[in-house]
Amino acid sequence: MFAWKLVLEAIGMLIYATFIGFIFMGIERKAMARIQRRIGPPIYQPIIDTLKLLGKKESVSHGFIYDFGPVFALGASITALLFIPMGNFQLFSNNADLIVVAYLLEVPMLGIMLGAMSSGNPYSGLGVQRGLLTMVAMQLPYGLAIIALVQHWGTFKLSQLVALQQLQGWSITVPALALAFIVFDIVFQALLGLEPFDIITAPAEISMGPMVEYGGKQAAILFTQHAIQLFAETAFFAVLFLGGASNLLDLFLKQLLVLFIAIFVASIYPRFTIDQAAKFFWKWPTIIGIVAVLLTM
(Lines give C-alpha, C1' and ligand atoms only; values in the text may rest on other atoms or scores of the structure.)
Protein backbone atom coordinates (compact mmCIF):
# COMPACT_ATOMS: atom_id res chain seq x y z
CA MET A 1 0.00 0.00 0.00
CA PHE A 2 1.34 3.41 -0.98
CA ALA A 3 2.25 5.54 2.05
CA TRP A 4 0.28 8.69 1.20
CA LYS A 5 0.67 10.06 4.73
CA LEU A 6 4.46 9.90 4.48
CA VAL A 7 4.42 11.56 1.06
CA LEU A 8 2.20 14.39 2.35
CA GLU A 9 4.47 14.85 5.38
CA ALA A 10 7.50 15.06 3.08
CA ILE A 11 5.79 17.64 0.85
CA GLY A 12 4.70 19.65 3.88
CA MET A 13 8.20 19.59 5.33
CA LEU A 14 9.68 20.66 1.99
CA ILE A 15 7.27 23.62 1.77
CA TYR A 16 8.08 24.58 5.37
CA ALA A 17 11.85 24.31 4.80
CA THR A 18 11.65 26.38 1.60
CA PHE A 19 9.62 29.13 3.26
CA ILE A 20 11.86 29.28 6.34
CA GLY A 21 14.93 29.20 4.09
CA PHE A 22 13.68 32.28 2.25
CA ILE A 23 13.02 33.97 5.60
CA PHE A 24 16.57 33.12 6.67
CA MET A 25 17.85 34.73 3.46
CA GLY A 26 15.85 37.84 4.32
CA ILE A 27 17.11 37.84 7.91
CA GLU A 28 20.67 37.52 6.60
CA ARG A 29 20.27 40.61 4.39
CA LYS A 30 18.47 42.61 7.07
CA ALA A 31 20.86 41.75 9.91
CA MET A 32 23.96 42.51 7.84
CA ALA A 33 22.42 45.84 6.82
CA ARG A 34 21.68 46.79 10.42
CA ILE A 35 25.22 45.82 11.54
CA GLN A 36 26.53 48.09 8.77
CA ARG A 37 24.09 50.85 9.81
CA ARG A 38 21.84 50.49 6.79
CA ILE A 39 18.09 49.89 6.74
CA GLY A 40 18.19 46.94 4.36
CA PRO A 41 15.34 45.28 2.44
CA PRO A 42 12.30 43.70 4.14
CA ILE A 43 12.72 40.13 5.39
CA TYR A 44 10.27 38.82 2.77
CA GLN A 45 12.24 40.39 -0.14
CA PRO A 46 13.82 37.07 -1.33
CA ILE A 47 10.33 35.62 -1.83
CA ILE A 48 9.31 38.63 -3.94
CA ASP A 49 12.53 38.43 -5.96
CA THR A 50 11.98 34.73 -6.69
CA LEU A 51 8.35 35.21 -7.75
CA LYS A 52 9.42 38.08 -10.02
CA LEU A 53 12.12 35.92 -11.63
CA LEU A 54 9.62 33.11 -12.22
CA GLY A 55 7.49 35.52 -14.21
CA LYS A 56 10.31 36.63 -16.51
CA LYS A 57 10.60 35.34 -20.05
CA GLU A 58 13.65 33.21 -20.83
CA SER A 59 15.99 34.98 -23.24
CA VAL A 60 19.30 33.10 -22.84
CA SER A 61 20.18 29.42 -22.87
CA HIS A 62 23.49 27.69 -23.41
CA GLY A 63 22.31 24.14 -23.87
CA PHE A 64 21.04 21.25 -21.78
CA ILE A 65 23.84 21.20 -19.19
CA TYR A 66 23.40 24.93 -18.54
CA ASP A 67 19.69 24.39 -17.81
CA PHE A 68 20.24 21.11 -15.94
CA GLY A 69 22.85 22.48 -13.49
CA PRO A 70 20.40 24.44 -11.27
CA VAL A 71 17.89 21.55 -11.31
CA PHE A 72 20.63 19.11 -10.28
CA ALA A 73 21.69 21.46 -7.45
CA LEU A 74 18.08 21.81 -6.26
CA GLY A 75 17.58 18.02 -6.27
CA ALA A 76 20.70 17.47 -4.16
CA SER A 77 19.58 20.06 -1.59
CA ILE A 78 16.11 18.49 -1.32
CA THR A 79 17.61 15.00 -0.91
CA ALA A 80 19.97 16.20 1.84
CA LEU A 81 17.05 17.85 3.63
CA LEU A 82 15.08 14.59 3.75
CA PHE A 83 17.94 12.77 5.53
CA ILE A 84 18.11 15.30 8.40
CA PRO A 85 16.08 14.69 11.59
CA MET A 86 13.75 17.69 11.98
CA GLY A 87 11.65 17.37 15.11
CA ASN A 88 9.88 14.03 14.75
CA PHE A 89 10.34 13.91 10.97
CA GLN A 90 13.07 12.13 8.99
CA LEU A 91 12.01 10.59 5.67
CA PHE A 92 15.25 8.76 4.88
CA SER A 93 17.56 7.15 7.41
CA ASN A 94 20.46 4.70 7.31
CA ASN A 95 23.48 3.78 9.41
CA ALA A 96 25.72 6.34 7.68
CA ASP A 97 23.35 9.22 6.96
CA LEU A 98 25.78 11.70 8.55
CA ILE A 99 28.22 11.02 5.69
CA VAL A 100 25.38 11.08 3.14
CA VAL A 101 24.20 14.54 4.27
CA ALA A 102 27.75 15.92 4.52
CA TYR A 103 28.36 14.81 0.92
CA LEU A 104 25.00 15.97 -0.46
CA LEU A 105 25.44 19.47 0.96
CA GLU A 106 28.51 19.89 -1.27
CA VAL A 107 26.88 18.51 -4.42
CA PRO A 108 24.79 21.66 -5.22
CA MET A 109 27.97 23.68 -5.71
CA LEU A 110 29.11 21.12 -8.26
CA GLY A 111 25.76 21.30 -10.08
CA ILE A 112 25.91 25.09 -10.30
CA MET A 113 29.50 24.96 -11.53
CA LEU A 114 28.61 22.33 -14.11
CA GLY A 115 25.95 24.61 -15.58
CA ALA A 116 28.07 27.75 -15.25
CA MET A 117 30.94 26.28 -17.26
CA SER A 118 28.51 25.69 -20.15
CA SER A 119 27.80 29.41 -20.44
CA GLY A 120 31.27 30.30 -21.73
CA ASN A 121 31.33 33.50 -19.67
CA PRO A 122 34.86 34.24 -18.39
CA TYR A 123 33.49 35.44 -15.04
CA SER A 124 31.67 32.11 -14.67
CA GLY A 125 34.86 30.20 -15.44
CA LEU A 126 36.83 32.21 -12.89
CA GLY A 127 34.14 31.67 -10.25
CA VAL A 128 34.12 27.92 -10.95
CA GLN A 129 37.92 27.74 -10.57
CA ARG A 130 37.71 29.53 -7.25
CA GLY A 131 34.84 27.31 -6.13
CA LEU A 132 36.65 24.08 -6.93
CA LEU A 133 39.80 25.21 -5.11
CA THR A 134 37.73 26.25 -2.09
CA MET A 135 36.02 22.84 -2.03
CA VAL A 136 39.36 21.04 -2.19
CA ALA A 137 40.87 23.27 0.53
CA MET A 138 38.04 22.78 3.01
CA GLN A 139 37.79 18.98 2.65
CA LEU A 140 40.52 18.21 5.20
CA PRO A 141 39.20 20.33 8.12
CA TYR A 142 35.62 19.33 7.20
CA GLY A 143 36.53 15.66 7.41
CA LEU A 144 38.50 16.09 10.65
CA ALA A 145 35.52 17.74 12.38
CA ILE A 146 33.25 14.86 11.33
CA ILE A 147 35.83 12.25 12.42
CA ALA A 148 36.03 13.85 15.87
CA LEU A 149 32.24 13.71 16.20
CA VAL A 150 32.03 10.09 15.09
CA GLN A 151 34.89 8.98 17.34
CA HIS A 152 33.30 10.56 20.40
CA TRP A 153 29.72 9.40 19.85
CA GLY A 154 30.52 6.14 18.08
CA THR A 155 27.85 6.44 15.39
CA PHE A 156 27.29 7.72 11.84
CA LYS A 157 23.49 7.73 12.31
CA LEU A 158 22.02 11.20 12.81
CA SER A 159 18.99 10.06 14.84
CA GLN A 160 21.28 8.19 17.25
CA LEU A 161 23.52 11.26 17.45
CA VAL A 162 20.53 13.36 18.52
CA ALA A 163 19.40 10.75 21.05
CA LEU A 164 22.88 10.50 22.61
CA GLN A 165 23.15 14.29 22.93
CA GLN A 166 19.76 14.50 24.61
CA LEU A 167 20.95 11.95 27.17
CA GLN A 168 24.55 13.07 27.70
CA GLY A 169 24.58 16.74 26.70
CA TRP A 170 25.20 18.65 23.48
CA SER A 171 28.35 18.06 21.46
CA ILE A 172 29.46 21.63 22.03
CA THR A 173 29.72 20.99 25.79
CA VAL A 174 32.46 18.39 25.21
CA PRO A 175 35.87 20.18 25.11
CA ALA A 176 37.22 18.17 22.16
CA LEU A 177 34.00 18.62 20.20
CA ALA A 178 33.99 22.34 21.01
CA LEU A 179 37.17 22.45 18.91
CA ALA A 180 35.39 20.46 16.19
CA PHE A 181 32.57 23.01 16.44
CA ILE A 182 35.00 25.84 15.65
CA VAL A 183 36.37 23.95 12.65
CA PHE A 184 32.92 23.05 11.36
CA ASP A 185 31.74 26.65 11.80
CA ILE A 186 34.62 27.89 9.62
CA VAL A 187 33.75 25.35 6.92
CA PHE A 188 30.07 26.24 7.34
CA GLN A 189 30.89 29.85 6.49
CA ALA A 190 32.37 28.69 3.19
CA LEU A 191 29.44 26.35 2.45
CA LEU A 192 27.08 29.30 2.83
CA GLY A 193 29.27 31.42 0.55
CA LEU A 194 29.53 34.20 3.14
CA GLU A 195 32.48 36.47 3.91
CA PRO A 196 35.36 35.95 4.21
CA PHE A 197 34.81 33.03 1.80
CA ASP A 198 32.52 34.70 -0.76
CA ILE A 199 35.36 34.65 -3.31
CA ILE A 200 33.34 32.32 -5.56
CA THR A 201 30.72 34.98 -6.32
CA ALA A 202 32.54 38.20 -5.30
CA PRO A 203 29.93 40.59 -6.78
CA ALA A 204 32.26 43.59 -6.96
CA GLU A 205 34.99 41.58 -8.72
CA ILE A 206 33.49 38.89 -10.96
CA SER A 207 29.81 39.85 -11.09
CA MET A 208 28.50 36.84 -9.10
CA GLY A 209 30.84 34.41 -10.87
CA PRO A 210 29.03 31.12 -11.70
CA MET A 211 25.63 32.83 -11.46
CA VAL A 212 26.41 35.74 -13.77
CA GLU A 213 24.62 34.30 -16.83
CA TYR A 214 21.57 32.97 -15.00
CA GLY A 215 18.30 34.87 -15.06
CA GLY A 216 14.58 34.27 -15.15
CA LYS A 217 13.42 30.79 -14.15
CA GLN A 218 16.94 29.40 -13.78
CA ALA A 219 17.80 32.17 -11.31
CA ALA A 220 14.53 31.47 -9.47
CA ILE A 221 15.53 27.80 -9.19
CA LEU A 222 18.93 28.85 -7.83
CA PHE A 223 17.24 31.16 -5.28
CA THR A 224 14.98 28.30 -4.19
CA GLN A 225 17.93 25.90 -4.03
CA HIS A 226 19.86 28.35 -1.85
CA ALA A 227 16.86 28.73 0.49
CA ILE A 228 16.51 24.96 0.94
CA GLN A 229 20.26 24.49 1.34
CA LEU A 230 20.42 27.30 3.92
CA PHE A 231 17.71 25.56 5.93
CA ALA A 232 19.37 22.15 5.54
CA GLU A 233 22.85 23.37 6.50
CA THR A 234 21.69 25.22 9.62
CA ALA A 235 19.57 22.18 10.63
CA PHE A 236 22.54 19.85 10.06
CA PHE A 237 24.73 22.09 12.21
CA ALA A 238 22.11 22.08 14.99
CA VAL A 239 21.83 18.28 14.83
CA LEU A 240 25.59 17.74 15.03
CA PHE A 241 26.50 20.19 17.78
CA LEU A 242 23.36 21.56 19.48
CA GLY A 243 21.50 18.36 20.28
CA GLY A 244 19.03 18.43 17.41
CA ALA A 245 15.43 19.16 18.36
CA SER A 246 12.28 17.41 19.50
CA ASN A 247 10.05 19.92 17.68
CA LEU A 248 10.28 22.43 14.84
CA LEU A 249 10.21 25.49 17.13
CA ASP A 250 13.25 24.27 19.07
CA LEU A 251 15.02 23.51 15.79
CA PHE A 252 14.11 26.95 14.38
CA LEU A 253 15.62 28.75 17.39
CA LYS A 254 18.84 26.75 17.15
CA GLN A 255 19.02 27.40 13.42
CA LEU A 256 18.63 31.13 14.09
CA LEU A 257 21.53 30.99 16.54
CA VAL A 258 23.73 29.28 13.96
CA LEU A 259 22.66 31.77 11.29
CA PHE A 260 23.39 34.82 13.45
CA ILE A 261 26.89 33.53 14.22
CA ALA A 262 27.52 33.24 10.47
CA ILE A 263 26.07 36.71 9.82
CA PHE A 264 28.22 38.26 12.56
CA VAL A 265 31.40 36.71 11.15
CA ALA A 266 30.46 37.79 7.60
CA SER A 267 29.85 41.35 8.76
CA ILE A 268 33.20 41.93 10.43
CA TYR A 269 35.69 40.04 8.22
CA PRO A 270 36.78 41.23 4.77
CA ARG A 271 36.93 38.83 1.83
CA PHE A 272 39.93 36.54 1.47
CA THR A 273 41.69 36.18 -1.83
CA ILE A 274 41.56 32.61 -3.14
CA ASP A 275 45.17 31.86 -2.15
CA GLN A 276 44.60 33.29 1.33
CA ALA A 277 41.48 31.13 1.75
CA ALA A 278 43.29 27.94 0.70
CA LYS A 279 46.26 28.62 2.98
CA PHE A 280 43.90 29.45 5.85
CA PHE A 281 41.94 26.18 5.51
CA TRP A 282 45.14 24.13 5.36
CA LYS A 283 46.54 25.86 8.45
CA TRP A 284 44.48 26.81 11.50
CA PRO A 285 41.24 24.81 10.94
CA THR A 286 43.31 21.74 10.02
CA ILE A 287 45.52 22.08 13.13
CA ILE A 288 42.49 22.54 15.41
CA GLY A 289 40.75 19.62 13.69
CA ILE A 290 43.75 17.32 14.26
CA VAL A 291 43.81 18.29 17.96
CA ALA A 292 40.07 17.55 18.21
CA VAL A 293 40.55 14.12 16.63
CA LEU A 294 43.47 13.29 18.93
CA LEU A 295 41.46 14.30 22.02
CA THR A 296 38.58 12.00 21.04
CA MET A 297 40.77 8.93 20.44
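Before reading further, recall that the structure is shown in the block above.
Reading the values: rules and limits
- Residues numbered from 1 in each chain as written.
- Predicted model: local features only at pLDDT ≥ 70, side-chain atom pairs only at ≥ 80, totals over all residues.
- Heavy atoms only, no water.
- Helix = DSSP H or I, 4+ residues; strand = E, 2+ residues; numbered from the N terminus.
- Rg over C-alpha atoms; globule rule 2.2 N^0.38 Å.
- Contact = heavy atoms within 4.5 Å.
- Areas by Shrake-Rupley, 256 points an atom, 1.4 Å probe, with all protein chains shown as cover.
- Lys, Arg positive; Asp, Glu negative; His and termini not counted.
- Charge placed at Lys NZ, Arg CZ, Asp CG, Glu CD.
- Buried < 20%, exposed > 50% of the residue type's maximum accessible area, 1.4 Å probe, protein only.
- Polar contact = N/O pair within 3.5 Å; in protein donor to acceptor, adjacent residues only side chain to side chain.
- Phe/Tyr/Trp six-rings, centres within 6.5 Å; stacked < 30°, edge-to-face > 60°.
- Patch = residues over 30% accessible without salt bridge, like charges linked within 9 Å, V, L, I, M, F, W, Y side chains within 5 Å.
- Salt bridge = Lys/Arg side-chain N within 4 Å of Asp/Glu carboxyl O.
- Expected span 1.5 Å × (residues − 1).
- Core = buried A, V, L, I, M, F, W, Y, C linked by side-chain atoms within 4.5 Å.
- Axes fitted to C-alpha atoms, helices over the stretch in contact; angles between N-to-C directions.
- Left-handed = near helix turned anticlockwise from the far one by under 90°.
- Nonpolar A, V, L, I, M, F, W, Y, C, P; charged D, E, K, R; others polar.

(A) Representation of the overall build of the protein chain within the structure. The helix and strand tally for the protein chain stands at 13 helices and zero strands. Ordered by position from N to C terminus, the α and β elements of the protein chain give α-α-α-α-α-α-α-α-α-α-α-α-α. A globule of 297 residues ought to have a C-alpha radius of gyration of about 19 Å, and the protein chain, at 19 Å, matches this closely. When its C-alpha atoms are laid out on the principal axes, the protein chain stretches across 55 × 55 × 40 Å. Look at the contacts in the protein chain between residues 6 or more apart in sequence, and 79% of them connect residues 24 or more apart. For the protein chain, the exposed area adds up to about 13500 Å²; of that, 70% sits on carbon and sulfur atoms. For the protein chain, the distance from the average site of its 16 positive side-chain charges to the average site of its 15 negative ones is 7 Å.

(B) Structural detail: the environment of Thr50. In this structure, Thr50 sits in helix H2 (residues 45–54). Among the residues examined, Thr50 registers a relative accessible area of 4% and is labelled buried. Sequence-wise, Thr50 and Phe22 are 28 residues apart; in three dimensions their C-alpha atoms are separated by 9.4 Å. Excluding residues within four positions of it along the chain, Thr50 makes contact with Phe22, Ala220, Phe223 and Thr224. Polar contacts involving the side chain of Thr50 include one to the main-chain carbonyl oxygen of Pro46, which spans 2.8 Å.

(C) Structural context of helix H4 (residues 97–104). When we look at burial in H4, the residues that qualify are Asp97, Leu98, Val101, Ala102 and Leu104. The inward-facing, buried residues of H4 contact helix H3 (64–83), helix H5 (107–117), helix H6 (122–153), helix H7 (158–168) and helix H10 (216–241).

(D) Highlighting the packing of aromatic side chains. As enumerated under the stated definition, the model contains 18 aromatic pairs in all. Judged by centre distance (6.1 Å) and plane angle (40°), the ring pair of Phe197 and Phe280 falls under tilted. Taken together, the residues Phe197 in the loop between helix H8 (175–192) and helix H9 (203–206) and Phe280 in helix H12 (residues 274–281) connect sequence positions 83 residues apart. Its relative accessible area of 23% is what places Phe280 among the partly exposed residues. Chaining the aromatic ring pairs together yields one cluster made of Tyr142, Phe181, Phe184, Phe188, Phe236, Phe237 and Phe241.

(E) Region of the structure containing a nonpolar patch on the surface. Together, Phe64, Ile65, Phe68, Val71, Phe72 and Leu114 give the surface a local cluster of nonpolar side chains, amounting to about 530 Å² of exposed area. Among the elements that make up the nonpolar patch, the one with the highest residue count is H3 (five residues). Here Leu114 is to be found in helix H5.

(F) Summary view of H10. Along its 26 residues, H10 runs 38 Å from first to last C-alpha, staying within 8% of the 38 Å computed at 1.5 Å per residue. The buried count for H10 comes to 22 of 26 residues, which makes it a mostly enclosed element. Looking one or two residues past H10, Gly243 carries a phi angle of roughly 80°, positive in sign.

(G) Spotlight on the nonpolar core. Membership of the largest hydrophobic core comes to 84 residues, with the highest contact counts inside it found for Phe184, Phe236 and Leu240. In this structure, Phe236 is in contact with Ile84, Leu98, Val101, Ala102, Leu105, Tyr142, Leu158 and Phe184, ignoring residues within four places of it in sequence. Core analysis: the second largest hydrophobic core is formed by five residues, Ala73, Ile112, Tyr214 and Leu222 among them.

(H) Geometry of the environment of Ser207. Note that Ser207 resides in the loop between H9 and H10. Residues Ser207 and Tyr123, spaced 84 residues apart in sequence, show a C-alpha to C-alpha distance of 7.0 Å. Discounting residues that sit within four places of it in the chain, Ser207 has contacts with Tyr123, Thr201, Ala202 and Val212.

(I) The arrangement of the packing of helix H1 (residues 4–35) against helix H11 (residues 248–268) in detail. At a minimum axis separation of 10 Å, H1 and H11 run at an interaxial angle of 35°. Read as a crossing pair, H1 and H11 show a hand that is right-handed. Every residue of H11 that contacts H1 at Met13, Tyr16, Ile20, Phe24, Ile27, Glu28, Ala31, Met32 and Ile35 is listed here: Leu248, Phe252, Gln255, Leu256, Leu259, Phe260, Ile263, Ala266 and Ser267. Residue composition of the contact of H1 with H11, by class: 15 nonpolar, two polar and one charged.

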